[in-house]
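Coordinates in review
One-letter residues, chain by chain:
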Amino acid sequence: VSAFHILPEQISGPAWLDGDRFTVSAKVPLGTTPEQLRLMQQNLLEDRFKLKWRREEKQASVSKLAIAKGGSKINSSAGEPSGNQEPGASVEPNGRISARYVNLSMEEFAAILSRLVRQPVTDATGLTAKYDFTLSWVMDGMALPGSAPSRDSGPTIFAALQEQLGLKLEQKKGPVDRILIDHIDKMPSEN
């Protein structure tokens, strides 16, 4: 998934891909950019697993991160985190999540939201700086057994974006990249 910078739902291949896991160790040179790392990962998969793949564009549901009515409520970043500004997240037994983001661009935040809402999210805010903010919401289906979330346990991610940050996710149909796997060996080759 990271080799192609997409969500798992955007990969079509053999059923065993959903369950089988492998540990692959590799050394990455200092100064490697994220794009270079993705290409290295693709080459490794092609070499070790004999991966043959192709990219396809398909119309699907996508979300656009935009500024909500009333405007953005987030503050520009103070720079590198320090003291009480450390990024991180906490999850309570009732499924309530509180996440602190530091020195984050809206493009980076859109990528995080893609994983949270399980569909591609693009940044359409027009906000170009880096930002510090905290977002608290209740994730559906995240409560621990025996502690189901109640209706008043908190907002959904969609409501929290609007109420707390002055942002919104607009649903639409649009082009989405998919990776189609034509061939992949179940057992990788050795180094």
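Provided above is the structure to which this section pertains.
What comes next is a walk through the structure. (Residues numbered from 1 in each chain as written. Predicted model: local features only at pLDDT ≥ 70, side-chain atom pairs only at ≥ 80, totals over all residues. Heavy atoms only, no water.)

Structural notes on the nonpolar core
Note the cut-off: Each nonpolar core is a collection of buried residues, namely Ala, Val, Leu, Ile, Met, Phe, Trp, Tyr and Cys, held together in the definition by side-chain atoms within 4.5 Å. Throughout, exposure labels follow a simple rule: accessible area from a 1.4 Å probe, protein chains only, divided by the maximum for the residue type, with under 20% read as buried, over 50% as exposed, and the rest as partly exposed. Think of it this way: any DSSP run of H or I at least four residues long counts as a helix, any run of E at least two long counts as a strand, and we number them from the N terminus.
Counting residues in each nonpolar core, the largest one holds 24 residues, and the members touching the most others are Tyr101, Phe109, Phe133, Leu135 and Trp137. Only strand E5 (96-105), helix H2 (106-117), strand E7 (130-138), helix H3 (157-165) and strand E8 (167-183) provide two or more residues apiece to this core. With 6 residues, the top contributor of residues to this core is H2.

Overview of the packing of H2 against H3
When two helices pack together, their arrangement is given by the angle between the helix axes and by the axis-to-axis distance. This is how it is decided: Here the axes come from fitting lines to C-alpha atoms, over the contacting stretch only for helices, and the angles between their N-to-C directions go from 0 to 180 degrees. Orientation labels follow simple angle bins: below 35 degrees gives roughly parallel, above 145 gives roughly antiparallel, 65 to 115 gives roughly perpendicular, and whatever is left gives oblique. The contact criterion used throughout is that any non-hydrogen atoms of two residues lie within 4.5 Å.
Direction vectors running N to C along H2 and H3 enclose 150°, while the axes themselves pass 12 Å from each other. One element, H2, and the other, H3, form an angle in the roughly antiparallel class. Between H2 and H3, the residues in contact are Phe109, Leu113, Leu116 and Val117 and Ile157, Phe158, Leu161 and Leu165, respectively.

Considerations on the sheet that holds strand E1 (residues 11-12)
Heads up, the condition is: One bridge is not enough; two strands pair if DSSP finds at least two bridges between them.
What the 4 strands build is an open sheet, ordered E1-E8-E2-E6; its pairing is mixed. Looking along the sheet, the strands with just one partner apiece sit at the ends: E1 and strand E6 (121-123). Direction of pairing for E1 relative to E8: parallel, over a ladder of 2 bridges. Of the residues in E8, the one forming a bridge with Ser12 is Leu180.

With respect to the pairing of strand E4 (residues 88-91)
As judged from the 4 bridges shared by E4 and E5, these two strands associate in the antiparallel manner. Within the sheet, the bridge partner assigned to Gly88 lies in E5 and is Arg100. The antiparallel pairing of E4 with E5 creates a hairpin that spans 4 residues between the two strands, and Gly95 there sits at a positive phi of about 90°.

Focus on the pattern of salt bridges
What counts is decided by this rule: Counted as salt bridges are all cases of a side-chain nitrogen of Lys or Arg within 4 Å of a carboxyl oxygen of Asp or Glu.
Using the criterion set out here, one finds 7 salt bridges in the structure. A salt bridge links Arg55 to Asp177, with the nearest nitrogen and oxygen atoms 3.6 Å apart. A residue pair is termed long-range when its members are at least 10 positions apart, and Arg55 in strand E2 (residues 52-67) and Asp177 in strand E8 qualify at 122 residues.

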